[in-house]
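Structural overview for review
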Amino acid sequence: MHDQEKVSQTGAVSEEILKKWELRGVSRRSFLKFCSLMTATLALPAGLMGQVAEALEADNRPPVIWMEFQGCTGDSEAFLRANQPTAAEVILDYLSIDYHETIMAAAGHQAEEAKHQTFEKYKGKYIAVVEGSIPMADNGVYCTIAGDSALNIVRKICSNAAATIAVGSCSSYGGIPAANPNPTGAASVAEAVPGVKVVNMPGCPVNADNLTAVIVHYLTFGKLPATDRFGRPKFAYGKRIHDNCERRGHFDAGQYAESFGDAGHRQGWCLYKLGCKGPETFHNCPTVRYNEGTSWPVQAGHGCIGCSEPYFWDSMTPFYKRLPEVPGFGIESSVDKIGLALAAATAGAFAAHGVASSLRKGDKLEADQVVKED
């Protein structure tokens, strides 16, 4: 059957593809839900859902060499807990993960031989996934695997890959190992392997749904998605966390939690004064979320620490201190000025700046009353 016969002009998934997935034990509902999720996550037109489904059906699984260096393995753990699809489905149906120290059965010389065979047989065709930063000081002696330095390994593997994906903040920008004073000379993949095209997927850890979407994009279009100036895929890092945060309304109204556990904090008010870095952090955490899409740090009551931004451990600390200003609202605009200005603008419709002040005082009195009652 020709490709155009498998997918209708409206992008609907063909009956043939649905039946094949049913034979594998995957219901139509589950498969369509996954295709729809990937299409939406990638910000693709709905009409391309059929093309995504066809790419998943095609028997062209690219081999994957997943390397771990200076990191906590949190990105692998996030990947193993992915539910859209499960890690097992990714491994068995979409990819051929030939080397991954955490999940492979082989060890020692056998593991290294598997990596070597994939490298030689599929040179220029495999996907390289890198987790953890690469130490470059003293010729890379601070991280070695099978007698070779992480620096040599990543340069060899990534230089011959069809595509390279850096998962997590450590491989994307150096992460915590690269924080001052950085004694090991920890660096990102892009710094360790200059000139190699790499997609950075920062976050502590990487969101498994975003990683899956990048893989689906590669399977569908034969290339990695468009990236921003920091090498991050635009579909996942194109908007500020602040813009989609469910607490944004409280920010606009000038309602902020002053301390953890106070009345404002319990009522879901803005966490900016408690150090939330959402106003200058780009990630789709509020819309994609973690743990099967159930929650994310701000929803759980903790401010964003900006872990998807370059060198966040140095640039975003102290984590529990507020930012001096909010980008996008004017150089001299502080959070207080922004909140007051927005509240005043709303109250202006009623010709009463004094009313806005009264409302703010009322909010404070109400909050204080709640504390007393508790």
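Residues numbered from 1 in each chain as written. Predicted model: local features only at pLDDT ≥ 70, side-chain atom pairs only at ≥ 80, totals over all residues. Heavy atoms only, no water.

1. A few points about the nonpolar core
The biggest cluster of nonpolar side chains holds 40 residues, and the ones touching the most others in it are Phe 31, Leu 56, Ile 165, Met 201 and Leu 211. Considering each element in turn, this core owes the most residues, seven residues, to helix α11 (residues 208-221). Residue contributions to this core reach at least three from each of two domains, namely domain 1 (11-59) and domain 2 (61-221). Those residues in contact with Ile 165 that sit more than four places away from it in its chain are Ile 127, Ala 128, Val 129, Val 130, Val 199, Met 201, Leu 211, Val 214 and Leu 224. Counting 26 residues, the second largest nonpolar core, distinct from the first, contains Tyr 126, Ala 161, Val 189 and Val 196. (Core = buried A, V, L, I, M, F, W, Y, C linked by side-chain atoms within 4.5 Å. Buried < 20%, exposed > 50% of the residue type's maximum accessible area, 1.4 Å probe, protein only. Helix = DSSP H or I, 4+ residues; strand = E, 2+ residues; numbered from the N terminus. Domains from an automatic or database assignment. Contact = heavy atoms within 4.5 Å.)

2. Describing the UniProt feature "binding site: [4Fe-4S] cluster 1" (unreviewed entry) in the chain
What UniProt calls "binding site: [4Fe-4S] cluster 1" (unreviewed entry) maps, in this numbering, to Cys 72, Cys 170 and Cys 204. The largest pairwise C-alpha distance within this set of annotated residues, which runs over 133 residues, is 9.6 Å, so the set is compact in three dimensions. Given a relative accessible area of 15%, Cys 170 falls into the buried group. In contact with Cys 170, not counting residues within four places along its chain, are Gln 70, Gly 132, Ser 133, Gly 175, Ile 176, Pro 177, Ala 187 and Ser 188. Excluding its chain neighbours within four sequence positions, the residues that come into contact with Cys 204 are Ser 169, Cys 307 and Phe 312. (UniProt positions renumbered as here; feature names shortened; annotations may be inferred.)

3. Quick look at helix α4 (residues 49-57)
In terms of burial, α4 is a largely internal element, eight of the nine residues being buried. Within α4, burial applies to Met 49, Gly 50, Val 52, Ala 53, Glu 54, Ala 55, Leu 56 and Glu 57.

4. Side note on the state of the cysteines
Per the counting criterion, the structure on display carries zero disulfides. No disulfide involves Cys 285; its sulfur sits 6.5 Å from that of Cys 307, the nearest cysteine. (Disulfide = S-S within 2.5 Å.)

5. Some words on the sheet that holds strand β3 (residues 127-131)
Taking strand neighbours across the sheet as the criterion, the five strands line up as β2-β1-β3-β7-β9 in an open arrangement whose pairing is parallel. The two strands at the open ends of the sheet, each matched to only one other strand, are β2 (96-100) and β9 (198-201). The average angle at which neighbouring strand axes cross in this sheet is 20°, direction not considered. In the packing of helix α7 (residues 108-121) onto the sheet, the strands contacted are β1 (63-68) and β2, and the crossing angle to β2 comes to about 130°. Lying over the sheet, helix α8 (residues 150-159) contacts β1, β3 and β7 (163-167), oriented at roughly 160° with respect to β1. (Pairing = 2+ DSSP bridges. Axes fitted to C-alpha atoms, helices over the stretch in contact; angles between N-to-C directions.)

6. Section: the packing of helix α2 (residues 15-23) against helix α3 (residues 28-41)
Closest axis-to-axis distance for the α2/α3 pair is 9 Å, and the angle between their directions is 115°. Seen from above, α2 lies across α3 with right-handed handedness. Where α2 abuts α3, its residues Glu 15, Ile 17, Leu 18, Lys 19, Trp 21 and Glu 22 lie against Arg 28, Phe 31 and Leu 32. Its residues assigned to classes, the contact of α2 with α3 shows five nonpolar, no polar and four charged. (Left-handed = near helix turned anticlockwise from the far one by under 90°. Nonpolar A, V, L, I, M, F, W, Y, C, P; charged D, E, K, R; others polar.)

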